[in-house]
Amino acid sequence: MIAAVFLAACTGSSLCATPEESFAVRDGEVLRCGAAQDVFAWARRLAGRPLGAGTEGIHAALRADFLADQGELSAVERARRDGTLIAEAGDSWAVAAARSEQVAALVRGRSDWGPADGPWARAVSNAAAVWAVDASGALALTESDIEGFLHLASLLRELQGGGPLRLSVADRHEVYRDISDQFLIGTPDDRVAFVAIGPFWQGVTSSWRSASYDHQQAFVRAAPLPPPMEGTSKDYVRAVLRSDLPAVVRALHQVLGPIPMDP
């Protein structure tokens, strides 16, 4: 039987006007917009940021998945299951690891989302901009993780009187590579620290702004900051990369937490 599909007219990440609206129809079976949004919410969580241009890839993957109808768990059911596994993983450290593990498994084709060259792996990899997966395939480093590290490094530099980071386009490309390399050669604890910043950064910013001076200083005392330096922003990033990053990130979550992971 030929399947007919209706795709809601939509732009960006706001797919439909109402939850009851049809996202797609196959042989009389309807995928409602409310259910489709569950998939997009899960994909945003894996990306650690709004999907932006990645929305189209998730849209196409969801459509293909719905049309396939192979009798297994639907994309909506898998997304709800995996979103719950992340949310209920434990403390923020465990939640960060669970999210990164799902990205790695998906883009390596080691999950029930299909092969590494399949539509879901491509869509999530593009939406998240995956920069590295460790040798064991356990954790993935995404662009939001790298940007989160740079936000943290900028905060630390300001706390030490050096002003916010200022990186040229060329410097930014170079430090992206430095961060990716350090992620790959670091310890398992280092790698979780790298992925426990970016998806939480909105919460960090909110908590920091509302914290008292004494509360902020508690973080300064708890975090093993790199030595103050007069070098460039790029030099400071490399100093943070050489620091005890797990201790810094744990202090961030312990002093300012609990911090929600909410891109």
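Enquirer: Please give an account of the overall build of the chain that cites residues and values.
Expert: Along the backbone of the chain there are 12 helices and four strands. For 263 residues, the compact-globule estimate of 2.2 N^0.38 gives 18 Å, and the chain sits close to it at 20 Å. For the chain, the spread of C-alpha atoms along the three principal axes comes to 70 × 40 × 35 Å. Within the span of the chain, comprising 263 residues, buried residues form 47% of the whole. Contacts spanning at least 24 positions in sequence make up 67% of the contacts within the chain whose residues lie at least 6 apart. When the accessible surface of the chain is summed, it comes to about 12300 Å², and 52% of that surface belongs to carbon and sulfur atoms.

Enquirer: Explain unusual backbone geometry residue by residue, including any values.
Expert: Put simply, glycine 257 and proline 258 share a cis peptide bond, and its omega is 0 degrees. With respect to the helices and strands, proline 258 occurs in the segment after α12 (245–256). With a phi angle near 55 degrees, alanine 129 is a residue other than glycine that sits in the positive phi range. Looking at the element boundaries, alanine 129 is found in the loop between α5 (119–128) and β3 (130–133).

Enquirer: Let's hear about the pairing of β3: which residues, and what values?
Expert: One ladder, built from three bridges, connects β3 with strand β4 (residues 140–142); its direction is antiparallel. For valine 130, the partnering residue across the bridge sits in β4 and is threonine 142. What sits between β3 and β4 in their antiparallel hairpin is a turn of six residues, with glycine 137 showing a positive phi close to 75 degrees.

Enquirer: Give a description of the pattern of salt bridges that names residues and reports values.
Expert: Tallied over the entire structure, the rule returns 13 salt bridges. Across the pair aspartate 38 and arginine 80 runs a salt bridge whose closest N-O atoms are separated by 2.7 Å. Taken together, the residues span a long stretch of sequence, with aspartate 38 in helix α1 (residues 33–47) and arginine 80 in helix α3 (residues 75–87) at a distance of 42 residues. Linked through salt bridges whose partners overlap, the residues forming this network are Asp171, Glu174, Asp178, Lys234 and Arg238.

Enquirer: If you had to explain the environment of alanine 24 to someone new, which residues and values would you point to?
Expert: With respect to the element layout, alanine 24 can be found in strand β1 (residues 22–26). C-alpha of alanine 24 to C-alpha of alanine 36: the two residues are 12 residues apart in sequence and 9.1 Å apart in space.

Enquirer: Summarise the packing of helix α2 (residues 55–68) against α5; cite the residues concerned and give the values.
Expert: In contact at an axis separation of 8 Å, α2 and α5 are set at 165 degrees when each is read in the N-to-C sense. Compared by their axis directions, α2 and α5 come out roughly antiparallel. As for how α2 packs across α5, the hand of that crossing is left-handed. Counted together, Gly57, Ile58, Ala61, Leu62 and Asp65 of α2 and Pro119, Trp120, Ala123 and Val124 of α5 form the full contact between these two elements. Of the residues contributing to the contact of α2 with α5, the split by class is seven nonpolar, one polar and one charged.

Enquirer: Explain the side chain of aspartate 145 to me, and be specific about the residues and the numbers.
Expert: Note on placement: aspartate 145 falls in helix α6 (residues 143–159). Within the structure, aspartate 145 has its side chain in polar contact with the backbone nitrogen of threonine 142 (distance 2.9 Å). Not counting the four nearest positions on each side in its chain, aspartate 145 is found in contact with Arg99, Ala140, Phe194, Val195, Gly198 and Pro199.

Enquirer: I'd like to hear about the packing of aromatic side chains, residue by residue, with values.
Expert: Within the structure shown, the criterion is met by seven aromatic pairs. The interplanar angle of 70 degrees and the centroid separation of 6.1 Å between the aromatic rings of tryptophan 42 and tryptophan 120 together place this pair among those described as edge-to-face. Taken together, the positions of tryptophan 42 in helix α1 and tryptophan 120 in helix α5 put the pair 78 residues apart, joining distant regions of the chain. Tryptophan 120 sits in the buried class, given a relative accessible area of 2%. Centre to centre, the rings of phenylalanine 183 and phenylalanine 194 are 6.2 Å apart; their planes meet at 75 degrees, and the pair counts as edge-to-face. One end of the pair, phenylalanine 183, is in helix α7 (residues 169–185); the other, phenylalanine 194, is in helix α8 (residues 188–194), and 11 residues separate them in sequence. Judged by its relative accessible area of 0%, phenylalanine 183 falls in the buried class.

Quick notes on the rules
Residues numbered from 1 in each chain as written. Predicted model: local features only at pLDDT ≥ 70, side-chain atom pairs only at ≥ 80, totals over all residues. Heavy atoms only, no water. Helix = DSSP H or I, 4+ residues; strand = E, 2+ residues; numbered from the N terminus. Rg over C-alpha atoms; globule rule 2.2 N^0.38 Å. Buried < 20%, exposed > 50% of the residue type's maximum accessible area, 1.4 Å probe, protein only. Contact = heavy atoms within 4.5 Å. Areas by Shrake-Rupley, 256 points an atom, 1.4 Å probe, with all protein chains shown as cover. Pairing = 2+ DSSP bridges. Salt bridge = Lys/Arg side-chain N within 4 Å of Asp/Glu carboxyl O. Axes fitted to C-alpha atoms, helices over the stretch in contact; angles between N-to-C directions. Parallel < 35°, antiparallel > 145°, perpendicular 65-115°, else oblique. Left-handed = near helix turned anticlockwise from the far one by under 90°. Nonpolar A, V, L, I, M, F, W, Y, C, P; charged D, E, K, R; others polar. Polar contact = N/O pair within 3.5 Å; in protein donor to acceptor, adjacent residues only side chain to side chain. Phe/Tyr/Trp six-rings, centres within 6.5 Å; stacked < 30°, edge-to-face > 60°.

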